[in-house]
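The chain contents come next:
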Amino acid sequence: MRIVFMGTPDFATGILSAIVEDGSHEVCAVVTATDKQAGRGMHVQYSSVKQYALSKNLPIIQPTKLKDADFVAQLKQLNADMFVVVAFRMLPEVVWSIPPKGTCNLHASLLPQYRGAAPINWAIINGETTTGVTTFLINSEIDKGKIILKQEVEILPQDTAGTLHDKLLDQGKILMLKTLNDIEREIVVLQEQPEITEKPAPKIYKEDCLINFSWTVKQVYDFVRGMSPYPAAHLFYLDDKNEPKMMKIFECTYQEEEVNVAPGIMQSDDKNMLSISCTNGYVFIKNLQLVGKKRMNIMDFLRGNKGFNGKKCLNSNNL
C-alpha cells in the first residue's frame, strides 16, 4: 500500500522507522510539525520525525493549518491508499477522509481507556498494572474510532513513563505492521468503542506536576514514576533566603508506617537520606534536580546541599 505517515515525536519516529525498514508498504510522504526555535540561541529545531525522514530521503510536508486548501490538494495528489497517524494533531474530516482505506491511528493505551494526549503518564499515575497499544480508524471524535487491533502490555512496579514508553513502542511497531498487512489483505474485523470512558488521559501542564504530600505514599510513588523523566514531578520548598525553590523528583521509594509529623516535612541525615512525610508513611528521594542544576542521585546531591532536615514542602496555596 501507499502510505502517508503523520507524526512528530520520538514515539512516532519509532513506528515510522518500523514501516520503512519492513519494506512491505511505500511511505510516499511524511507530514510533521513545523520547525521551531528553541534554546538560548533560538536555533531552529526539527521534529524527531522530520530528522528521520530527512535521513531516509522521504518527502516531507509541514502544514501550518491542516484545513489549508493547498495542503489538502497536496495530500490528494499523493494517491495514498491509507494515512497512518501516530502522536500528531487532531485531523479535520477534510484530511482523514481522503484515503480510500481510511486513516489509521496508533494509540498508547487499551482503548476506550486513557483517551487523550498523555496515556502513558496517566496509566502509571493511576497505579495500573496493565496497559497496551491500540490501532483504530480515525473519525470526527478524539480516539473514538472503530478499533482494529489491540496488544496488552504489563506495567511493572518499577516502570516509569520512560521505560513504559519504550515497551509500548516495541509492541506498537509489531501491531502497526500487522494492522497494515491485515488492512491490505482485507481481513480486518472492526469493533465499535463504548461511548463512555472512566479513565481519561488529558494533556499534562506544568501546574499538574506538583506533588501533593497529603496523598498516600503509594500515590506519590506512582505520581513520580508517571511523570519521569518528562515532564517530571516537582515540589517547592523555601531556601535560606525564604524564597520558593523548585525540586524535580525523578525517582523515589516509599515505606508505609505511622507518621507523627504533618505531610510534606523533609527529614535528612545530610549524607544519603532525604525523606518526605505523607499521610501514611514516607517517600525517600533517590534522584532529583534543582532548577538550573544537573540531575543527580541523592548521595551526590547531599554532598553539596545541606540543611534540608525539617524543611516543609509548599503546596499550591502558599507558593
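Structure: see above.
### Digging into the overall build of the chain
Here comes step 1: A count of helical and extended segments in the chain gives eight helices and 16 strands.
Here comes step 2: When the backbone C-alpha atoms are referred to their principal axes, the chain occupies close to 65 × 45 × 35 Å.
Here comes step 3: Going through the 319 residues of the chain one by one, you find that 48% of them count as buried.
Here comes step 4: Looking at the chain alone, contacts between residues at least 24 apart form 66% of all its contacts between residues at least 6 apart.
Here comes step 5: Of the side chains in the chain, 35 bear a positive and 36 a negative charge, and the two mean positions are spaced by 6 Å.

### Some remarks on the side chain of Ser228
Here comes step 1: Position of Ser228 relative to the elements: it lies in the loop between helix H7 (217-227) and strand E10 (233-238).
Here comes step 2: Those residues in contact with Ser228 that lie beyond four places of it in its chain are Thr160, Ala161, Gly162 and Phe250.

### A word on helix H1 (residues 10-22)
Think of an α-helix as 3.6 residues a turn; residues three or four steps apart then line up on the same face.
Here comes step 1: With 13 residues, H1 should reach 18 Å at 1.5 Å per residue; the first-to-last C-alpha distance of 18 Å fits that figure.
Here comes step 2: Listed as buried for H1 are Phe11, Ala12, Thr13, Gly14, Ile15, Leu16, Ser17, Ala18 and Ile19.
Here comes step 3: Along its buried surface, H1 packs onto strand E1 (2-7), strand E2 (26-31), helix H2 (48-55), strand E6 (82-86), strand E7 (103-107) and helix H6 (161-185).
Here comes step 4: Positive phi appears at Gly23, one or two residues downstream of H1, with a value of about 80°.

### What to know about unusual backbone geometry
Here comes step 1: Across the junction of Leu111 and Pro112, the peptide omega takes the value 20°, indicating a cis bond.
Here comes step 2: Within the secondary structure, Pro112 is located in the loop between E7 and helix H5 (119-125).
Here comes step 3: Geometrically, the link from Ser228 to Pro229 is a cis peptide bond, its omega value of 5° lying close to zero.
Here comes step 4: For Pro229, the position within the fold is in the loop between H7 and E10.
Here comes step 5: Look at Tyr114: it is not a glycine, yet its phi comes out positive at around 60°.
Here comes step 6: You can see Tyr114 is positioned in the loop between E7 and H5.
Here comes step 7: Its identity is not glycine, yet Asp143 carries a phi of approximately 60°, on the positive side.
Here comes step 8: Secondary-structure assignment places Asp143 in the loop between strand E8 (130-137) and strand E9 (147-154).

Definitions and limits used
Residues numbered from 1 in each chain as written. Predicted model: local features only at pLDDT ≥ 70, side-chain atom pairs only at ≥ 80, totals over all residues. Heavy atoms only, no water. Helix = DSSP H or I, 4+ residues; strand = E, 2+ residues; numbered from the N terminus. Buried < 20%, exposed > 50% of the residue type's maximum accessible area, 1.4 Å probe, protein only. Contact = heavy atoms within 4.5 Å. Lys, Arg positive; Asp, Glu negative; His and termini not counted. Charge placed at Lys NZ, Arg CZ, Asp CG, Glu CD. Expected span 1.5 Å × (residues − 1).

Taken by themselves, the reported measurements are silent on function.
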